[in-house]
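Overview (structure and organization)
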Amino acid sequence: MAGWTTHEGRAVHLPQDNVDTDQLIPARFMSTPRVQGYGDFLLHDMRRDDAGVLRPDFPLNGPEPASILIAGRNFGSGSSREAAVYALVDAGFRAVIAPGFGDIFAANAINNGLLPARLGEREVAALVAELGDGGAPLCIDLGNREIQVAGQVFGFDLDEVWRTKLIKGWDDIDLTLQHAARIASFRDRRVADTVWVLPDD
Amino acid sequence: MLLHLSLWTFMCIFMEKPSTLLDKLWGAHEILRREDGTSLLWVDRHLVHEGSHHAFAKLAARGQKVAEPRLTFAVTDHYAPTRQRDRITDPDIARMIETLEGNARTHGLETFGLSDPRQGIVHVIGPEQGLTLPGLQINCGDSHTSTHGAFGALAFGIGATEVAHVLATQTVWQRKPAAMRITFEGALAPGVTAKDMALGWIARLGAGGAQGHAVEYAGPAVEALSMEGRMTLCNLSIEGGARFGMVAPDEVTFDYIKGRPFAPKASDWERAVDGWRTLRTDAGADFAREVIIDAADIAPTLTWGTSPEQAIGIDAVLPAPGSLGAGKAAAAEAAYDYMGLTPGQPIKGTPVDQVFLGSCTNGRIEDLRAAAAVLRGRRAQVPGLVSPGSALVKQQAEAEGLDLVFRDAGLEWAASGCSMCVGMNGDLVAPGKRCASSTNRNFRGRQGRGARTHLMSPAMVAAAAVTGALSDLREVMQERV
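Residues numbered from 1 in each chain as written. Chains lettered and ligands numbered in written order. Predicted model: local features only at pLDDT ≥ 70, side-chain atom pairs only at ≥ 80, totals over all residues. Heavy atoms only, no water.

1. Structural notes on the overall build of chain A
So the rule is basically this: The way it works is that DSSP assigns letters per residue, a run of H or I at least four long becomes a helix, a run of E at least two long becomes a strand, and they are numbered from the N terminus. When accessible area is computed with a 1.4 Å probe and restricted to protein chains, residues below 20% of their type maximum are described as buried, those above 50% as exposed, and intermediate ones as partly exposed. Note on contacts: a residue pair qualifies if any of its non-hydrogen atoms lie within 4.5 Å across the two residues. Residue burial considers only the protein chains on display, and all accessible areas are found by Shrake-Rupley using a 1.4 Å probe.
If you tally the helices and strands in chain A, you get eight helices and eight strands. Across its three principal directions, the C-alpha atoms of chain A cover 65 × 45 × 30 Å. Within chain A, the proportion of its 201 residues that are buried is 54%. Within chain A, contacts between residues at least 6 apart in sequence are counted, and of these 63% link residues at least 24 apart. Taken as a whole, chain A presents about 8,500 Å² of accessible surface, with 48% of it coming from carbon and sulfur.

2. Let's talk about the nonpolar core
Under the convention used in this document: By nonpolar core is meant a set of buried Ala, Val, Leu, Ile, Met, Phe, Trp, Tyr and Cys residues that side-chain atoms within 4.5 Å join together.
Core analysis: the largest hydrophobic core is formed by 93 residues, its most contacted members being B:Ile182, B:Phe184, B:Tyr217 and B:Trp276. Core analysis: the second largest hydrophobic core is formed by 91 residues, A:Leu43, A:Ala87, A:Val96 and B:Ala464 among them.

3. Considering the layout of surface pockets
The test is simple: Note on definitions: the grid is 1 Å and covers protein atoms alone; a cavity is a set of points where a 1.4 Å probe fits but cannot get out; a pocket is an open set with protein on both sides within 12 Å along at least five of seven lines; lining residues have an atom within 4 Å of a point. Grid points are joined across faces, edges and corners, and a volume is the space filled by probe spheres set on the points. Note on residue classes: Ala, Val, Leu, Ile, Met, Phe, Trp, Tyr, Cys and Pro are nonpolar, Asp, Glu, Lys and Arg are charged, and everything else, Gly too, is polar. Domain start and end points were adopted from an automatic or database domain assignment.
Taken as a whole, the largest pocket spans an internal volume of roughly 990 Å³. Those elements that provide at least two residues to the lining of the largest pocket are α2 (44-47) and α5 (121-131) of chain A together with α12 (329-339) of chain B. The biggest single contributor to the lining of the largest pocket is α12(B), with five residues. Split by residue class, the lining of the largest pocket holds 18 nonpolar, 13 polar and 11 charged. Two domains share the lining of the largest pocket, each providing at least three of its residues, namely domain 1 (21-292) and domain 2 (301-478) of chain B. In this structure, the second largest pocket occupies an estimated 790 Å³ of space. Taken together, 33 residues form the lining of the second largest pocket, with A:Asp103, A:Ala106, A:Asp159, A:Trp162 and B:Arg175 sitting closest to its centre. Of all the secondary-structure elements, those providing two or more residues to the lining of the second largest pocket are α4 (103-110), β5 (115-118) and α6 (160-168) of chain A together with α6 (160-169) and β8 (171-175) of chain B.

4. Notes on the pattern of salt bridges
What counts, and what does not: Criterion for a salt bridge: a side-chain nitrogen of Lys or Arg within 4 Å of a carboxyl oxygen of Asp or Glu.
One pass over the structure, following the stated rule, counts 38 salt bridges over all chains. The closest approach of N and O atoms between B:Arg33 and B:Glu30, which form a salt bridge, is 2.8 Å. Here the salt bridges share partners, and the residues they tie into one network are A:Asp17, A:Arg73 and A:Glu121.

5. A look at the packing of aromatic side chains
Residue and element names in this part refer to chain B. Formally: Two aromatic rings from Phe, Tyr or Trp, using only the six-membered ring of Trp, form a pair when their centres are within 6.5 Å; if the ring planes differ by under 30 degrees the pair is stacked, by over 60 it is edge-to-face, and anything between is tilted.
Applying the stated rule across the entire model yields 18 aromatic pairs over all chains. With a centroid separation of 5.4 Å and 65° between ring planes, the pair formed by Phe151 and Tyr256 is classed as edge-to-face. Of this pair, Phe151 sits in the loop between β6 (137-140) and β7 (154-157) while Tyr256 sits in helix α10 (residues 251-257), and the two are 105 residues apart along the sequence. Tyr256 carries the same exposure label as Phe151, and that label is buried.

6. Some thoughts on the interface of chain A and chain B
Taken together, the 57 residues of chain A in the interface contact 75 residues of chain B. For B:Arg175, the salt bridge goes to A:Asp159, with nearest N and O atoms at 2.6 Å. Listed by contribution, the elements that provide at least two residues to the side of chain A that touches chain B are α1 (21-24), α4, α7 (172-177) and α8 (180-193) of chain A. In terms of residue count, the dominant contributor to the side of chain A that touches chain B is α7(A) (six residues). Broken down by class, the residue content of the side of chain A that touches chain B amounts to 19 nonpolar, 15 polar and 23 charged.

7. Examining empty space enclosed by the protein
Here the structure, examined in full by the defined rule, presents four cavities of 30 Å³ or more. Empty space within the largest cavity amounts to approximately 420 Å³. For the lining of the largest cavity, the secondary structure elements donating two or more residues are α3 (53-62), α5 (122-128), α6 and α13 (359-362) of chain B. Among the residues making up the lining of the largest cavity, the classes are represented as 13 nonpolar, 15 polar and six charged. If you count residues domain by domain, the lining of the largest cavity takes at least three from each of domain 1 (21-292) and domain 2 (301-478) of chain B. Here the second largest cavity defines a volume of roughly 60 Å³. Residue lining of the second largest cavity: A:Asn74, A:Gly76, A:Ser77, A:Gly78, A:Gly102, A:Asp103, A:Ile104, A:Phe105, B:Gln211, B:Ile238 and B:Gly241, and that is the complete set. Looking at the lining of the second largest cavity, its residues break down into three nonpolar, seven polar and one charged.

8. Topic: the environment of A:Arg81
Residue and element names in this part refer to chain A. Selection rule: Polar contact is the term for a pair of N or O atoms within 3.5 Å; when the atoms are in protein, one must be able to donate a hydrogen and the other to accept it, and sequence-neighboring residues count only if both atoms are side-chain atoms.
Looking at the secondary structure, you find Arg81 in the loop between β3 (68-70) and α3 (83-90). Taking the C-alpha atoms as reference points, Arg81 and Thr21, 60 residues apart in sequence, are found 7.0 Å from one another. Side-chain polar atoms of Arg81 contact the side chain of Asp22, separated by 3.3 Å.

9. Topic: helix α2 (residues 21-29) of chain B
We apply this condition: Within this analysis, the arc is defined by the directions that extend from the helix axis to the C-beta atoms.
Burial in α2(B) covers these residues: B:Leu21, B:Leu22, B:Leu25, B:Trp26 and B:His29. Take α2(B) and look down its axis: the buried residues cluster within an arc of 125°, on one side only.

10. Thoughts on the pairing of strand β18 (residues 434-437) of chain B
Residues and elements named next belong to chain B. Keep this limit in mind: By this definition, two strands are paired if DSSP reports at least two bridges between them.
Of the two faces of β18, both are covered, the one formed by Arg434 and Ala436 as well as the one formed by Cys435 and Ser437. Both strand β15 (residues 354-358) and β18 contribute to a ladder of three bridges, which runs parallel. Residue pairing for β18: Phe356 is matched across the bridge by Ser437. With four bridges joining them, β18 and strand β19 (residues 452-455) adopt parallel strand pairing. Across the sheet, residue Ser437 finds its bridge partner in β19, namely Leu455.

11. Observations regarding unusual backbone geometry
All names here are of chain B. Despite not being glycine, Gln84 has its phi angle at roughly 45°, a positive value. Here Gln84 lies in the loop between β4 (72-75) and α4 (91-107). Backbone geometry places Ser359, a non-glycine residue, at a positive phi of 90°. As for its position among the elements, Ser359 is in helix α13.

12. Describing the side chain of A:Gln23
The topology assignment puts A:Gln23 in helix α1. A polar atom in the side chain of A:Gln23 sits 2.9 Å from the backbone oxygen of B:Arg444. Excluding its chain neighbours within four sequence positions, the residues that come into contact with A:Gln23 are A:Leu43, A:His44, A:Met46, B:Phe443 and B:Arg444.

13. Describing the domain arrangement of chain B
Residue and element names in this part refer to chain B. To keep it simple, the criterion reads: Buried area: the sum, over both parts, of the accessible surface (1.4 Å probe) that disappears when the two are put together.
Looking at chain B, the domain boundaries give domain 1 (21-292) and domain 2 (301-478). Each of domain 1 and domain 2 has a C-alpha centre, and these two points are 24 Å apart. Taken together, the contact pairs 41 residues of domain 1 with 44 residues of domain 2. Summing the contributions of domain 1 and of domain 2, the shared interface buries around 3,300 Å²; its carbon and sulfur component is 56%. Our count for the domain 1 to domain 2 interface comes out at 25 residue pairs in polar contact (both at pLDDT 80 or more). Of all the elements in the fold, those that place two or more residues in the side of domain 1 that touches domain 2 are α5, α7 (194-205) and α9 (227-235). Class assignment for the residues of the side of domain 1 that touches domain 2 results in 16 nonpolar, 16 polar and nine charged.

This is how it looks when you write it as structure tokens:
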């Protein structure tokens, strides 16, 4: 996974709270192999009518592609399905800005290079106001944890560890394997100290 | 000298900061903590299911093997057909199941596959098999992994990248959540269950109300719950935003575990229980957040909207969107539109089209008994599906004759799996249809596109089946007397 520090792109606003991961990708698409791409599944049932035709008035269905999503409270709540993040990433999104995120969704986002930027509700409203008709590009700076739009600067919250991971594009498995010796000794001690800890069938 | 030493020891114990259950569980699994505060935790049990295919693909791409096959267990549940298992007609479903069972064979994992007599929903069979024990750290690529916290385990749901990480290293990186305690004082009224306790606190604190926290459930009303009830309570933690839910283990816990296939053997039993008894929050331990609820105030509760926080007592009227507090009116209006309901009307009496009994939330034997107690000798007014949480729950229910109660009532008695809770196996609610459901999520489209889900306890589902409408089970039971 490639790291990134700054990103400039167009934003769309989805003014709804509690957009859960069942909305982000309905379960019926989740057996698809990732290589086929998950972008078309993003918010599938909200974006399309019963006949599968894109609703022209839905925020994500405008003619211009967007790479930043501005959302409501508790975005990505519910199911742990990482496919919700795949759908956003495969549809070209690099960041979601919201007042809060589901804990599992946020961790999944970081693991796929997608920024979950936390911004207070008032700041989100002010940011949306600055967008005007949606033409103004946003610039996200992970280094300073800032979002710039139309000359205004908004500071966002992001866990320091997560910021570093996004910038460096780290793969956790490689990092962890550097600690292999400590892991092995922890395992040996745990098994020795706690006789019942291994499954005993 | 001796006196001096013991005084010193006493001082150390006395002065030591009191710990929460979370502190104790975390401390026992923390291999290391980075400067930035993130912990590397040892994983005692890793449960995988069909949805873990992305993680196995990542592992294969790295050319790695499962680090601890003996601690990794594969379960077929999300796509498990509940009917005609011997000939799966949907090629996607067949492929998902074969992919999991193939990956399990490749890596030499103990498998609870589709044809295994122990098959069932991962969060039902973990405890049922004695894989879930107090003091363990348990992960699964499923948000309802918090269920296992009912045993005083550290248990949380993870995403596919994290599943791959656990497969490769048997560890997981996690920042310690803030500790939160929800204390249920007093006792539940008759007909009120753990499901109502959970929906009750989520309605009060919101679907994101416990974000960033690990919730410990405590108090007399929690201690009075069976293990099944505690599992229901912990299971729904994620619906209030908490990745972790937990209950301190006690005699109820130990009695449940004793003799289960993977539980500690007799020779280790006493030692195990001695250790488990220390797994409780010390007096005076600090919680970042404390919530106290009087259990007697909780009514049979059900959801009316499309978020678990949109829940009310069965006696209540559907709330006006404007009354729900800042920023919640628009969501309520959208939910009413989707659900086909009108604010200001009583929720009781709303006709339902069908019912569903099952899921990792309420698919255990106690749940089936509670529903059967309402249905016994009665006919359901609407169709419905009953999918026991595991094949062993099904077997037990049949031994007790519960299957006949459901069948005689006109409900379908099916095999076990996640079934109509998530619809991945094709058990779906049709568009616009209203379903009284013992499951965990009333999200838009969760049970099928356009499906209208009302979450409630199994007994309330049974009451809805008997009357064909959302009903107060206390009144339905009263008619029996």
